Each structure stands twice: as C-alpha cells, then as structure tokens.
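Examination of the molecular architecture
Below, each chain spelled out in residue letters.
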Amino acid sequence: MPSRPHSFLPHLAGRAARGLGLAVLGGAAGWIAYSRLGIDHRVPLPPALPGRLQRLRTPVGAVNLYDDGLESGVPLLLIHSVNAAASAYEVRPLYRHFARSRPVYALDLPGFGFSERRRQVYTPAVMVGAIHAVVAEIRRRHAAVRIDAIALSLSAEYLARAALERAQDYRSLGLISPTGFDARLSGRGPLGGNRGNDTARAALDLPVSGQALFDALTSRPSMRYFLEKTWGSRDIDEGLLDYGYASAHQPGAEHAPFSFIAGHLFPTDATRLYDALWLPVWMIHGTRGDFVDYRYADAFYDRPNWTIETMPTGAFPHFERLGAVARSYELFLDEIGSTHLTDPARADSPASV
C-alpha cells in the first residue's frame, strides 16, 4: 500500500533536526578548534597607564597598582568597572588629568589587567578585599592621610562597601555611572551576598569549551557592539576597544568575567550600602545608551552628603566630556573643603548597614 505523502513528514523532520544538531555540534567543535589553534591568547599587553606599575601581594591574590609618582597632596584612587574586558584603561582620562596636580593611583581588580587571573569564584568580597589592601598601601605611603576614591559602574558598589567597613580610610567617594539604582540591580537583600549561580558559572568555565565561549564574547565585533551600547553611540573610544581586546586575550582572562556573567560579582544589598553612606559622595552619570535607569537615585538628591549630576553622554562620561567631568568633581572637592562632613566618632569604626 503506497504511503501517504504526509507520513514522510515526521521522518523528514527527524532527519532535519538531527542534521541541524550535527551542524551546530560541528560548528561548535570547529570554533573550539579555532579558538585553541587560531586565536592568540598572549596578545602583547602594554601598561594601560603611564607612571609606575607595581604588583602587590594581598590576601585575595596579586594585584597590579599604577601610580603617578607624586608625593604631595591628597591621594586619589581610581577603580575601573567590571565586564568581560575590564582594566585600568577605563580610568585613563581621569588618571592623566589628575596626575598633573596630585598623587593618583589606579588598580587592576583581581582577574583583570595585570592582576592575578587565577581560576576561582570572584565575588564582591574578593574585590573589596583588593580595595582594602590597595588603600592601606596608599595610606602607608602618604602618612595615613584619608584618600579620595572614584569607582566606575559595578565597582561603585564595592567602593561603597569598602568605605562602610573602613570609613577612616576615606575623605570622599566618587561614583561614575554606578549600578544599583535601577529596577534590576537595586536591592535590600542579604548583607554581603551576591547573585551568583554556581551551576551556571561551572558550565561557563569548563576547560574544554570555556575558552572558546569567551573568545566569542570578546571578539572585536562583539566588543564593539557592547561598547556602542555603553556609549549609546557608534562613536566609541577606539583605544579602549583595542586595549580591551588585548587584555581579554591573556591567559586566564575568562575566569573573572565568567563569575560576572553568572552573577557572582553582583551584590544583593546595593540599596542598603548606598543608604548607609555618610561620607561625602559625588555621583555622575550619562543619559544615553543602555545603562540609564536611575529611577531610585531620586531618593538621594536631597541628602546633604550627596552631590548628583547628569550629563548628555553614555556610561563613560569621562571619555566624552573629560573637562566637564573634572570640573564637576573639583567643585565637589572644593565644597567639602576641610569639613567634608566627617564625624570622627563614626570614622573610627565600620558603619552598619
């Protein structure tokens, strides 16, 4: 009895599905092979910043620290953001500007730049530990003076935690495009917790496929796409793209970003951290691009220790309007002056949140 035409459809569909699966697997296998044999994972990486480069041994691993060599004045620490290709290059405009007038330092956070990039779970506690160690070293070099610090994006939450734990180390805090004021990442969750998914991170960081996956995420087209999202424009900083590509193509470069992607580097208590800050805070953010949700910042505008400004830029306003950003920050420092809202009784012990 002749088969009806539609009786072949399940068979053909099954063969098509198997063929598609084999094609996907074949493509994945091909990309893994290309990643291993055709992509350079030791791209020459020059220093991101001028000045001295030092490697500090800390409880959370070896951390790279840049400094401009100046000795007089209140030190300024710059802390880059966290993403797949992060490094101290992200603070380069600020570093070069302020290095002409005061001691300026910048670190590569653990897992990035010239800092140690070992395979481990990276958490906010690791990043805060690195900030504590670096600040202690800076204060040791400068007669224990309190420092100013500026952090970008997600690192603003780490700086907030560091300042709450050791308020005596800081004169003021600067937050550029900080996370934690949006609907997705604000929160009053468990203190010191993170949003990590251990299963997701383990799947990402498999020895066989992890490098290939990271290579796909940090290809030049992919990185340009995400920078355009950050800028809200195609007019990105090409030097940042080039340095980010080189930094992401180093041995172990994938480990910290996989913790980032799996959520381990996102605190659960961002709102509680910001609420508890009593040191002078300068905050600035752009109004263009994919990172402009600051719906919960309204609650901080009227606080006497907070100064908040916006600019018609993307999330890295210091690359687009360095002069305006620097003037805003310098005015903030002039206004806090010698008083800087410091309560000596509170500065001697960690704040509670």
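Let me sum up the structure you'll find in this document. Because the structure is predicted, anything quoted here is derived from the model rather than measured.

As a further point, take the overall build of the protein. Regarding its fold elements, the protein presents 13 helices and eight strands. Taken over 353 residues, the protein has a buried fraction of 52%. For the protein, contacts bridging at least 24 residues in sequence account for 79% of all contacts bridging at least 6.

Turning next to the nonpolar core. With 55 residues, the main nonpolar core has L77, L107, Y170, Y274, L277 and W306 as its most contacted residues. Within the second largest apolar cluster, 46 residues are counted, among which are A88, F98, W282 and F332.

The backbone phi angle of A143 is positive, close to 55°, even though this residue is not glycine. Turning to its location among the elements, A143 is positioned in the loop between α3 (124-141) and β5 (147-152). Classification of A143 as exposed rests on a relative accessible area of 75%. Within the chain, A144 stands out as a residue other than glycine whose phi angle is a positive 65°. In this structure, A144 sits in the loop between α3 and β5. Judged by its relative accessible area of 44%, A144 is partly exposed.

Moving on to helix α12 (residues 322-336). Between its first and last C-alpha atoms α12 spans 21 Å; for 15 residues at 1.5 Å apiece the expected length is 21 Å, and the two agree. G337 occupies a position one or two residues after α12 and carries a positive phi of about 45°.

The tally for this structure, following the rule as stated, stands at 18 salt bridges. In this structure, the salt-bridge partner of R303 is D275, at a minimum N-O distance of 2.9 Å. In this pair, R303 sits in the loop between β7 (281-286) and β8 (306-311) while D275 sits in helix α10 (residues 270-276), placing the two residues 28 residues apart along the sequence. By relative accessible area, which is 26% here, R303 ends up partly exposed. Owing to a relative accessible area of 25%, D275 belongs among the partly exposed residues under this scheme. Via salt bridges that share partners, R52, D67, E137, R140 and R141 belong to a single interconnected network.

Ordered by their spatial adjacency, eight strands build an open sheet running β1-β2-β4-β3-β5-β6-β7-β8, and the pairing between neighbours is mixed. This sheet does not close on itself; its edge strands, each paired only once, are β1 (52-58) and β8. Shown here is a sheet whose adjacent strand axes are inclined to one another by a mean of 20°, direction ignored. The pairing of strand β2 (residues 61-67) with strand β4 (residues 104-108) spans four bridges and is antiparallel. Bridging across to β4, Y66 finds its partner in A106. α3 contacts β1, β2, β3 (76-79), β4, β5 and β6 (170-176) of the sheet and is inclined by roughly 120° relative to β1.

Another point: the packing of aromatic side chains. Counted under the stated rule, the structure contains 16 aromatic pairs. Aromatic pair F181 and Y294: ring centres 6.3 Å apart, planes at 35°, arrangement tilted. Highlighted residues: F181 in the loop between β6 and α5 (198-204) and Y294 in the loop between β7 and β8, separated in sequence by 113 residues. Of the residues examined, F181 reaches a relative accessible area of 1% and is grouped as buried. Cluster of aromatic residues (ring-pair linked, three or more members): F181, Y274, Y294, F300 and W306. For the cation-ring pair, R220 lies above Y245, with the distance from its terminal atom to the ring centre recorded as 4.5 Å.

The rules behind the values
Along each chain, the written sequence defines residue order, and numbers are assigned to residues from 1. For this predicted model, a pLDDT threshold of at least 70 governs which residues receive local features, and a threshold of 80 or more governs which side-chain atom pairs are given and counted, while totals over whole chains, interfaces and linings are taken from all residues. Neither water nor hydrogens contribute to the side-chain values; these are computed over all heavy atoms in the structure. Helix numbers and strand numbers start at the N terminus; a helix is a DSSP run of H or I with at least 4 residues, a strand a run of E with at least 2. Each residue is assigned to one of three classes by its accessible area relative to the maximum for its type, calculated with a 1.4 Å probe on protein chains only: buried under 20%, partly exposed between the two thresholds, exposed over 50%. Whether two residues are in contact is decided by their heavy atoms, any of which lying within 4.5 Å being enough. What we call a nonpolar core is a set of buried Ala, Val, Leu, Ile, Met, Phe, Trp, Tyr and Cys residues that are connected through their side-chain atoms within 4.5 Å. Expected span of a helix, by definition, is 1.5 Å for each gap between consecutive residues, and there is one gap fewer than residues. Any Lys or Arg side-chain nitrogen found within 4 Å of a carboxyl oxygen on Asp or Glu counts as a salt bridge. In this scheme, strands are said to pair when DSSP sees at least two bridges between them. A fitted line through C-alpha atoms represents every axis, and for helices the fit uses only the stretch in contact; the resulting angles, taken between N-to-C directions, go from 0 to 180 degrees. Any two rings among Phe, Tyr and Trp, with Trp reduced to its six-membered ring, count as a pair given centres within 6.5 Å; such a pair is stacked if its planes are under 30 degrees apart, edge-to-face if over 60, and tilted if neither. As a reminder, the over-ring test applies to NZ of lysine and CZ of arginine, requiring each to be within 6 Å of the ring centre and within 35 degrees of the ring normal.

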